Amino acid sequence: MTRVLVSGATGTIGRPLVEQLKEAGAGVRAVTRELTDPVALAAALDGVDAVFLLWPFASAEGAREVLELIGARRVVYLSSAAARPHEVEIERLIAGTAREWTVLRPHAFAANALRWAGQVRAGVVRQPSGEAVFSPVHERDVAAVAVRALLGGGHHRAVYTLTGPRPLTQREQARLIGEAIGRPVRWVEEPAEEARRRLLGLGWPASAVDGMLSALTEPGPSTRTVEEVTGVPASDFGTWASEHAADFLGTMRAARLHEYGDASVIRVEEAPVPRPGPGEVLIEVAATSFNPSEVALRAGLLREVFGGTLPHTLGWDVAGTVLTGAGGLVPGDRVIGLIDGAAAQYAVAKADVLARAPRRIPLTAAAAVPVAGLTAWQAVFEHARIGPGSRVLINGAGGGVGLFAVQLAKHAGAYVVATAGPRSAAAVRALGADEVVDYTAGPLPGGNDVLINLVADVPDSVTELAAEFVSITRPIDHPRAVRFVARNDPGQLAELVALIDAGVVDVEAAVRPLEALADVHREAERGLVRGKVTLTTGA
């Protein structure tokens, strides 16, 4: 196993480099301050075969001593396309000491656009030289080239100029960032002299300011080196912008708990936009929905079941648009799913737990589907095993789960008897129930093959009404009864979406703003919520 020492391991290039080296099976040792501490550096170098060198200073002072300690190892040096005097000197020193060496000269980092983040949030980027042309390179691609040079052969004495795949003006970069975050971003040209005064006022050295401004006057190079070295085309700037959308968005509105208690503990407040990890996507949330079990979560009754820490962002149902792709999902895909933290303008989720959103209904309605739809699906098909000719009694058909259960049972060929109060009876009948029984007016009918119970209060006499029982609330004391908690199943969710798009299953929901979530909790506790309520985030 090749052992690699990485300097600058927490930086823009260092982070993806460490990840990729580990994925390649290399041993990785990271250094930061140890680079200029001879004793610490010597200890860090023990057993190391290759070194990735990022020199963190604007002069070559001290580099000779460091390189003498590194000695006759393989060295990959992160220089720059500018080839400034101190970088040229370090390149010369490496060539005189290293057993094998490779120099990376990236041109314009795509990550340089992060300095515009504050202006992007305001919708206007005011910078000099909007027509300056570069081919911005993704930091992941620079790391990929470094991995090949550190671990493979054929790179000795190579000096690689690294760029992205195509030239873009700075104005075009700003536009692509706007597309990635779903907001228009306008470029406003800042006069060069004004930019110079601004940068000097921020403490930039005059030489650095003048060097940057002069660099903007000449088109940057465009190379195919990344593809030639790695065999994979370089990532374009639009991909980079999509992956870094959270960095530009900054904060978002989210419904969060800082403590457990009554509905007053729900706060709609500013919170950091979450950053997707490996295999995850960032979703611009169109809507989430209210589920009765969230009342118990908010009150602190489900801490042992769901775990988690405070502050906690509410919301299990998500419907929205993918901003950063993964796992076959690409920016612009409309998705739904059962996740944590959906009561916010943005949420992250593993790509493999999501399903494509229904095309036939708006996202604000689709948010009603995941929790209630999966619960109904598993009750009807897995636990009750309803088929043609079954007689099923659905107790609590007017609730969010019940409205799906009625339609799925009818789709399975059952004769459906549904209980509902006066406010829900018409909706339940319209969705296909063969009989609707007002539970407030008399006893429930017997003679059923299966009873699916969706309400909290169940009398003991319910065991006389059917041969088998399925409950999502309290257990039913009967040898042929099952109580279950729905699990996340994106495959089932996709099947449900297909039925929605085919017109077999309708979705009805009252739509309210996220700020109304605390009121919805209060109304639910008073028994005033019928069916599903979705909450729009205003993202």
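Residues numbered from 1 in each chain as written. Predicted model: local features only at pLDDT ≥ 70, side-chain atom pairs only at ≥ 80, totals over all residues. Heavy atoms only, no water.

### Describing the overall build of the chain
What the chain contains, in helices and strands, is 20 helices and 26 strands. For the chain, buried positions account for 50% of its 539 residues. Restricting the contact set of the chain to residue pairs at least 6 apart, pairs at least 24 apart contribute 70%. Looking at the chain as shown, the accessible area adds up to about 23,300 Å², and 52% of this sits on carbon and sulfur atoms. Charge separation in the chain, taken as the distance between the mean sites of 52 positive and 60 negative side-chain charges, equals 2 Å. (Helix = DSSP H or I, 4+ residues; strand = E, 2+ residues; numbered from the N terminus. Buried < 20%, exposed > 50% of the residue type's maximum accessible area, 1.4 Å probe, protein only. Contact = heavy atoms within 4.5 Å. Areas by Shrake-Rupley, 256 points an atom, 1.4 Å probe, with all protein chains shown as cover. Lys, Arg positive; Asp, Glu negative; His and termini not counted. Charge placed at Lys NZ, Arg CZ, Asp CG, Glu CD.)

### Section: the nonpolar core
In globular proteins that are soluble, nonpolar side chains generally tend to be buried together. By size, the foremost hydrophobic cluster in this structure holds 52 residues, and its most contacted members are Ile 336, Ile 386, Val 392, Ile 394, Val 406, Val 428 and Ile 452. Listed by contribution, the elements that provide at least two residues to this core are helix 15 (363-366), helix 16 (370-383), strand 19 (391-395), helix 17 (400-411), strand 20 (415-420), helix 18 (425-430), strand 22 (448-453) and helix 19 (490-501). Examining the composition of this core, we find that seven residues originate from one element, helix 17, more than from any other. Other than its neighbours up to four places away in sequence, Val 406 contacts Ile 394, Ala 397, Val 416, Ala 418, Val 428, Leu 431, Gly 432 and Ala 433. (Core = buried A, V, L, I, M, F, W, Y, C linked by side-chain atoms within 4.5 Å.)

### Focus: the environment of Val 145
Summarising the element assignment, Val 145 is placed in helix 6 (residues 139-151). Put simply, Val 145 and Val 265 are 120 residues apart on the chain and 50 Å apart in space, counted from C-alpha to C-alpha. Among all residues touching Val 145, those that are not within four sequence positions of it are Leu 104, Tyr 160, Leu 162, Val 226, Val 229 and Thr 230.

### Things to note about the pairing of strand 5 (residues 100-106)
Within strand 5, five of the seven residues are buried, which leaves the element mostly enclosed by the surrounding structure. In this fold, the crossover linking strand 4 (residues 74-78) to strand 5 by way of helix 4 (residues 85-97) has right-handed handedness. Where strand 5 meets strand 8 (residues 158-162), five bridges bridge the pair, whose relative direction is parallel. Across the sheet, residue Pro 106 finds its bridge partner in strand 8, namely Leu 162. (Right-handed = clockwise from strand over helix to strand, strands pointing away. Pairing = 2+ DSSP bridges.)

### What to know about the packing of helix 16 against helix 17
Put simply, helix 16 and helix 17 touch, their axes get as near as 8 Å, and they point 45° apart. Classified by the interaxial angle, the pair formed by helix 16 and helix 17 is oblique. Considering only the axes of helix 16 and helix 17, their crossing is right-handed. Of the residues in helix 17, those touching helix 16 at Ala 372, Gly 373, Thr 375, Ala 376, Trp 377, Val 380 and Phe 381 are Gly 400, Val 401, Phe 404, Ala 405, Leu 408 and Ala 409. (Axes fitted to C-alpha atoms, helices over the stretch in contact; angles between N-to-C directions. Parallel < 35°, antiparallel > 145°, perpendicular 65-115°, else oblique. Left-handed = near helix turned anticlockwise from the far one by under 90°.)

### A short note on helix 7 (residues 170-181)
In this model, helix 7 (12 residues) spans 17 Å end to end at C-alpha, consistent with the 16 Å of a helix rising 1.5 Å per residue. The positive-phi residue at the C-terminal boundary of helix 7 is Gly 182, with phi of around 75°. (Expected span 1.5 Å × (residues − 1).)

### Section: the packing of aromatic side chains
Counted under the stated rule, the structure contains five aromatic pairs. Seen in terms of ring centroids, Phe 237 and Trp 240 are 5.3 Å apart; in terms of plane orientation they differ by 25°. Their pairing is stacked. Taken together, the residues span about one helical turn, with Phe 237 and Trp 240 both in helix 11 (residues 237-243) at a distance of three residues. Each of the two residues, Phe 237 as well as Trp 240, counts as buried. Consider the rings of Trp 240 and Phe 248, whose centres lie 5.9 Å apart with planes at 80°: the pair is edge-to-face. Since its relative accessible area comes to 0%, Trp 240 is described here as buried. The exposure class of Phe 248 is buried, given its relative accessible area of 0%. (Phe/Tyr/Trp six-rings, centres within 6.5 Å; stacked < 30°, edge-to-face > 60°.)

Read these as layout, nothing more, since geometry by itself doesn't imply function.
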